[in-house]
Amino acid sequence: MYDYLIVGTGLFGAVFAREATDKGYKCLVIDRRKNVGGNVYTERVEGINVHKFGAHIFHTNDSKVWEYVNRFATFNRFTNSPVARYKDEMYSLPFNMYTFNKMWGVKTPDEAKEIIEAQKNAIKGEPSNLEEQAISLVGWDIYGKLIKEYTEKQWGRDCKDLPPFIIKRLPVRFTFDNNYFDALYQGIPMGGYTKMVERMLEGIDVILGEDYLENREKWEGKAKKTVYTGPIDAFFDYRLGNLEYRSLKFETEVLDKPNYQGNAVVNYTDKSVPWTRIIEHKWFEFGKDENGRELPKTVISREFPSEWKVGDEPYYPVNDEKNNNLYQEYKTLADNETNVIFGGRLGEYKYYDMDKVIASALEKSSAVR
């Protein structure tokens, strides 16, 4: 008999398993996929660590979390500096003086602020949706070219129907600074995320290719308590209705050339292009192998957002008012499950960054005595 059955080998499950094991508890970790790592899984292709389920760039201001992940991996100095492509125009992200200079030809912060202030005057009071929030941050021009169509592709909803908090994640700077994240610590684990998660799970029993929800009684009988990181509504057989998620599909190619787009991430912000971005994976590790040699080939992935349906892979919770209210009903059910701990993006229905997932796992595992 195990003390804990942990459903999911993503960051929440791996961290919880590590912490509980180090406290002397016996853990079994299962995953319906054939690999560990959840959505941070990386696969080696042509010497390149390919982010199989989308770009994952670790960033945090939490020194405790940073020290924790560095127990299991050495992080490189990668800085996320994505580029936005609107038709044939290229813009720097996040929104900064390079962006404003390209958009308006301005050369000083005062000139940029003057234009934005003039354009945002149309928004009165507190922004009530994503469109109003975006315009109040950067004005009509940038919203129209770099936010509106990209966001509507990503979420499958009109910007007027999306909550304002989503766009608050985007930095706006009046400096020439292309560092997307305002984080003290940032980088990619050298050797890939899969290797990092494997180190977290060292010495712990792991069974892959097993779906907990398909044979719940079998697995629950193996442990005193369960840590569940899948969709919370699926755990309860959708009895209150489906929560909404966004899903993603990827088209990945190996190209016989050393450089496709010159950057790890290029966002395609106009609706005439069906994908939201292209990831060129080698640039997460500077285009070189572990011995510092230039890699002759490259691997790219086109990312296509899609509406989620049962059977698809859920990636992003749609945290609008309707779904958040439904989640609170599910959370009430979850709180009555005395032998189950719910965690992670899907288990807690939160648009978590990686560091927040780890912090949540550390907090919940700290209650283990």
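Everything in this summary refers to the structure shown in the same document. (Residues numbered from 1 in each chain as written. Predicted model: local features only at pLDDT ≥ 70, side-chain atom pairs only at ≥ 80, totals over all residues. Heavy atoms only, no water.)

1. Digging into the pattern of salt bridges
- One pass over the structure, following the stated rule, counts 27 salt bridges.
- A salt bridge links Lys-331 to Asp-335; its shortest N-O distance comes to 3.3 Å. Pair noted here: Lys-331 and Asp-335 are both in helix 9 (residues 321-335), with a separation of 4 residues, about one helical turn.
- Residue classification places Lys-331 among the partly exposed positions, given a relative accessible area of 31%.
- Overlapping salt bridges, with partners in common, bring together Arg-157, Glu-244, Arg-246, Glu-307 and Lys-322 in one network. (Salt bridge = Lys/Arg side-chain N within 4 Å of Asp/Glu carboxyl O. Helix = DSSP H or I, 4+ residues; strand = E, 2+ residues; numbered from the N terminus. Buried < 20%, exposed > 50% of the residue type's maximum accessible area, 1.4 Å probe, protein only.)

2. Regarding the pairing of strand 11 (residues 245-255)
- Judged from the 2 bridges that link them, strand 11 and strand 15 (residues 316-317) form a sheet pairing that is antiparallel. Bridging across to strand 15, Arg-246 finds its partner in Tyr-316.
- The pairing of strand 11 with strand 14 (residues 298-307) spans 10 bridges and is classified as antiparallel. Bridged to Leu-248 within strand 14 is Pro-305. (Pairing = 2+ DSSP bridges.)

3. What to know about helix 4 (residues 109-120)
- In this model helix 4 runs 16 Å from its N-terminal to its C-terminal C-alpha over 12 residues, within 8% of the 16 Å that 1.5 Å per residue would give.
- Every buried residue belonging to helix 4 is among Ala-112, Ile-116 and Gln-119, and all of these are buried. Taken end-on, helix 4 shows its buried residues confined to a sector of 65 degrees, consistent with a single buried face. Exposed and facing more than 90 degrees away from the buried side of helix 4 are Asp-110, Glu-114 and Ala-118.
- The inward-facing, buried residues of helix 4 abut helix 3 (97-104) and helix 5 (130-155). (Expected span 1.5 Å × (residues − 1). Arc of directions from axis to C-beta. Contact = heavy atoms within 4.5 Å.)

4. Describing unusual backbone geometry
- With omega at -5 degrees, the peptide bond leading from Leu-93 into Pro-94 counts as cis.
- Along the chain, Pro-94 falls in the loop between strand 7 (89-92) and helix 3.
- One non-glycine residue with positive phi stands out, namely Glu-46, at about 50 degrees.
- Along the chain, the position of Glu-46 falls in the loop between strand 3 (42-45) and strand 4 (48-51).

5. Observations concerning the sheet that holds strand 14
- Strand order in this open sheet of 7 strands is 7-6-12-13-14-11-15, and the pairing throughout is mixed. Each having just a single partner strand, strand 7 and strand 15 make up the two edges of the open sheet.
- Contacts from helix 5 reach strand 6 (83-86), strand 7, strand 11, strand 12 (265-268), strand 13 (277-280), strand 14 and strand 15, with the element oriented near 95 degrees to strand 6. (Axes fitted to C-alpha atoms, helices over the stretch in contact; angles between N-to-C directions.)

6. What about helix 1 (residues 11-22)?
- Across its 12 residues, helix 1 extends 16 Å between first and last C-alpha, which sits within 8% of the 16 Å expected from 1.5 Å per residue.
- Of all 12 residues in helix 1, 10 are buried, a share of seventy percent or more.
- Buried residues of helix 1: Leu-11, Phe-12, Gly-13, Ala-14, Val-15, Phe-16, Ala-17, Arg-18, Glu-19 and Ala-20, and no others.
- Looking one or two places after helix 1, you find Gly-24, whose phi comes out positive at around 100 degrees.

7. Let's talk about the sheet that holds strand 16 (residues 340-342)
- Here we have 5 strands laid out as an open sheet, ordered 9-2-1-10-16, and parallel in their pairing. Because the sheet does not close on itself, it has two edges, and the strands there are strand 9 (205-208) and strand 16. Sheet twist, expressed as the average angle between the axes of neighbouring strands with direction ignored, equals 20 degrees.
- Across 5 bridges, the pairing between strand 1 (residues 2-7) and strand 10 (residues 223-228) is parallel. Residue pairing across strands places Tyr-4 opposite Lys-225, the latter belonging to strand 10.

8. Topic: the side chain of Gln-154
- Tracing the sequence through the fold places Gln-154 in helix 5.
- Those residues within four positions of Gln-154 in sequence are excluded, and the remaining contacts are Arg-246, Thr-276, Pro-305 and Tyr-351.

9. Concerning the environment of Arg-77
- Tracing the chain through its elements places Arg-77 in the loop between helix 2 (63-69) and strand 6.
- The exposed category is assigned to Arg-77, whose relative accessible area is 64%.
- Spatially, the C-alpha atom of Arg-77 lies 42 Å from that of Glu-220, the residues being 143 residues apart in sequence.

10. Describing the pairing of strand 10
- Sheet topology note: the strand 10/strand 16 ladder contains 3 bridges and is parallel. Directly across from Tyr-228, in strand 16, lies its bridge partner Phe-342.

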